[in-house]
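The lines below spell out each chain.
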Amino acid sequence: MSELPIWLIGCGNMAGAMLAGWLVADEPTDRFRIVRPSGVPFGSGISVQSHLPQSGFGEAIVQIGFKPHMLADIAPDMRSLVGPETCIVSILAGVELATLREAFPDAGQIVRAMPNTPVALGKGVVGLIAEDEQGEHAADVATLMAKLGLAEWIADERLFDVVTALSGSGPAFVFRFMDALARGGEALGLDPAQALRMAVETVRGAAELAGQSDERPATLADRVASPGGSTRKGLDILDDDEALAKLVHATLEAATSRNREMAEEARR
Ligand SMILES: NC(=O)c1ccc[n+]([C@@H]2O[C@H](COP(=O)([O-])OP(=O)(O)OC[C@H]3O[C@@H](n4cnc5c(N)ncnc54)[C@H](O)[C@@H]3O)[C@@H](O)[C@H]2O)c1
C-alpha cells in the first residue's frame, strides 16, 4: 500500500465524509492535508490550512472537492503546484476527464471518483474512472476508495452521470423514502418518533438482507407478500402502471441531466 500524502482541496460535506471514513478505516492522520478557505479544524492530527501550499504537491494524491462551477477559478492557482508525479482525483459531479485534463495539463494521472455520504461509515459506494486505469496511481486510488465501501470502476465515462445520480445522489432518494414511510405510519396513527425509528430500522434491515442475499430484491419482496395477504395490496399500489419504477426512473433522469448540465457549465 502506497503511503502517498493525500491533499483534500475543498473539504465540506462530501470530502469530510470521505475523510471520516478513512479515519474509521485507520488510515494514519498524517497522510491528510486539508485546504479550505475557512481553515476550520477537522480533528486531532489532521493538518488544515486556508490557502494552497507555496511549493508543489510532488508525488501525492490531490483530491479536489469544491463545487463544480469553482473549477475554472481554483484550477489556475493550483496548476503550477501539479506535476507529472501528481495524481488528481476529482469528486466534482459532472466534470469530465477532458475538462480536468485541460485544467491540470501537467498532472500524471487523473481519476474521477463519485462517492456518497455513507462513506463516512465505510458503507458507501464510490464510482471510479481514470484516464488510464492501468496507469500510475490508479490502483492506489482504488485501494483508498475501497476503504470507504464498494468501489467500482465504470467502463464508459458517458455513464458516470448516471452513476452520480444512482449512488452519489441515491442516499437522498432513500432518505426521502424513509421519511415517506415514517410519515405514512404517522398519518395512520403511529407516534411520529416511533414511526421514524421503525422506518429507519426497516430500511437498514431490508438493505442488509438484500446485500447478503443471492436473490433479487423483487424476489425478496414477493417473500414478504403472503398470497392473499396485506403486503400484496400495498405492492399493488407501488406497482400499478409501474408507478414507483416510473417515479424513480424520472428521478434518476432529472439528476443525470443536471449532471450533464454541470459538465457543460464546467467546459465553458
Ligand atoms: N454532497 C454529496 O453527497 C456529494 C456526493 C458526490 C460528489 N459531491 C461533489 O462534492 C463536491 C462538494 O460538495 P459538498 O456537498 O461537499 O459541498 P460543500 O459546500 O459542503 O463543500 C465545498 C467545499 O469547498 C470548499 N471551497 C470553497 N472555495 C474553495 C477554494 N477556493 N479552495 C479550496 N476549497 C474551497 C469549501 O470551503 C467547502 O469545504 C461537489 O463538487 C459535488 O459535486 C458531493
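Residues numbered from 1 in each chain as written. Predicted model: local features only at pLDDT ≥ 70, side-chain atom pairs only at ≥ 80, totals over all residues. Heavy atoms only, no water.

The next thing to look at is the overall build of the protein chain. Looking only at helices and strands, one finds ten helices and eight strands in the protein chain. Expressed as a percentage of the 268 residues in the protein chain, the buried residues total 38%. Sequence-distant contacts, at least 24 apart, represent 61% of the contacts inside the protein chain between residues at least 6 apart. In the structure as shown, the protein chain presents an accessible area of about 14,700 Å², 56% of it carried by carbon and sulfur atoms. Of the charged side chains in the protein chain, 23 are positive and 37 negative; the average position of the first set lies 5 Å away from that of the second. (Helix = DSSP H or I, 4+ residues; strand = E, 2+ residues; numbered from the N terminus. Buried < 20%, exposed > 50% of the residue type's maximum accessible area, 1.4 Å probe, protein only. Contact = heavy atoms within 4.5 Å. Areas by Shrake-Rupley, 256 points an atom, 1.4 Å probe, with all protein chains shown as cover. Lys, Arg positive; Asp, Glu negative; His and termini not counted. Charge placed at Lys NZ, Arg CZ, Asp CG, Glu CD.)

Ile9, Phe57, Val62, Ile64, Leu71, Met78 and Phe104 are the most contacted members of the largest nonpolar core, which totals 30 residues. Of all the secondary structure elements, the ones that give two or more residues to this core are strand E1 (6-9), strand E4 (60-64), helix H2 (71-79), helix H3 (97-103), strand E6 (109-114), helix H5 (160-168) and helix H10 (243-267). Beyond its immediate chain neighbours, meaning those up to four positions away, Phe104 contacts Ile64, Leu71, Ala75, Met78, Val82, Ile88 and Ile110. Counting residues in each nonpolar core, the second largest holds 28 residues, with Ile6, Cys87, Val119 and Leu144 among its members. (Core = buried A, V, L, I, M, F, W, Y, C linked by side-chain atoms within 4.5 Å.)

Together, Leu238, Leu244, Leu247 and Val248 give the surface a local cluster of nonpolar side chains, amounting to about 320 Å² of exposed area. Top element by residues in the nonpolar patch is H10. It accounts for three residues. Relative to the assigned elements, Leu244 resides in helix H10. Classification of Leu244 by relative accessible area gives partly exposed; the value is 34%. (Patch = residues over 30% accessible without salt bridge, like charges linked within 9 Å, V, L, I, M, F, W, Y side chains within 5 Å. Salt bridge = Lys/Arg side-chain N within 4 Å of Asp/Glu carboxyl O.)

Where like charges cluster on the molecular surface, the negative patch consists of Asp236, Asp239, Asp240 and Glu242. Among the secondary structure elements, Glu242 is positioned in the loop between helix H9 (230-239) and H10.

The next thing to look at is the pattern of salt bridges. Evaluated as defined, the whole model comprises 15 salt bridges. Glu3 is the salt-bridge partner of Arg31, the closest N and O atoms lying 3.9 Å from each other. Residue Arg31 is located in the loop between helix H1 (13-24) and strand E2 (32-35), and its partner Glu3 is located in the segment before E1; the two are separated by 28 residues in the primary sequence. Glu201 is the salt-bridge partner of Arg204, the closest N and O atoms lying 2.5 Å from each other.

This part is about the layout of surface pockets. The computed volume of the second largest pocket comes to approximately 850 Å³. Looking at the second largest pocket, it is lined by 32 residues, and the ones nearest its centre are Met14, Gly65, Phe66, Lys67 and Ile91. Of the residues contributing to the lining of the second largest pocket, the split by class is 17 nonpolar, eleven polar and four charged. (1 Å grid on protein atoms, 1.4 Å probe; cavity = no way out; pocket = protein on both sides within 12 Å on 5 of 7 lines; lining within 4 Å. Points joined across faces, edges and corners; volume = space filled by probe spheres on them. Nonpolar A, V, L, I, M, F, W, Y, C, P; charged D, E, K, R; others polar.)

So, about the packing of aromatic side chains. Under the counting rule described, the total for this entry stands at two aromatic pairs. On the numbers, 5.2 Å between centres and 70 degrees between planes, the contact of Trp7 with Phe57 is edge-to-face. One end of the pair, Trp7, is in strand E1; the other, Phe57, is in the loop between strand E3 (47-49) and E4, and 50 residues separate them in sequence. Neither Trp7 nor Phe57 differs from the other in exposure class; each is buried. (Phe/Tyr/Trp six-rings, centres within 6.5 Å; stacked < 30°, edge-to-face > 60°.)

The subject of this paragraph is the packing of H5 against helix H6 (residues 170-187). Look at H5 against H6: their axes get within 5 Å of each other, and the N-to-C directions meet at 35 degrees. When H5 is examined against H6, the residues Ala165, Leu166, Ser167 and Gly168 are found in contact with a partner set consisting of Gly170, Pro171 and Phe173. Classifying every residue of the contact of H5 with H6 by side-chain character gives four nonpolar, three polar and no charged. (Axes fitted to C-alpha atoms, helices over the stretch in contact; angles between N-to-C directions.)

Every one of the 19 residues lining the ligand counts as a neighbour, but Cys11, Asn13, Met14, Phe66 and Ala93 are closest to it. Take Cys11: an N or O atom from its main chain is 3.2 Å from an oxygen atom of the ligand. Between the ligand and Lys67, the relevant distance is 3.2 Å, taken from an oxygen atom to a side-chain nitrogen or oxygen of the residue. Compared with its free state, where it exposes 840 Å², the ligand has 75% of that area covered by protein. The pocket occupied by the ligand, as judged from atoms lying within 2 Å of grid points, is the second largest pocket. Grouping the constituent residues of the shell around the ligand by class yields 13 nonpolar, five polar and one charged. (Near = heavy atom within 4 Å. Polar contact = N/O pair within 3.5 Å; in protein donor to acceptor, adjacent residues only side chain to side chain. Sits in = over half its atoms within 2 Å of the grid points.)

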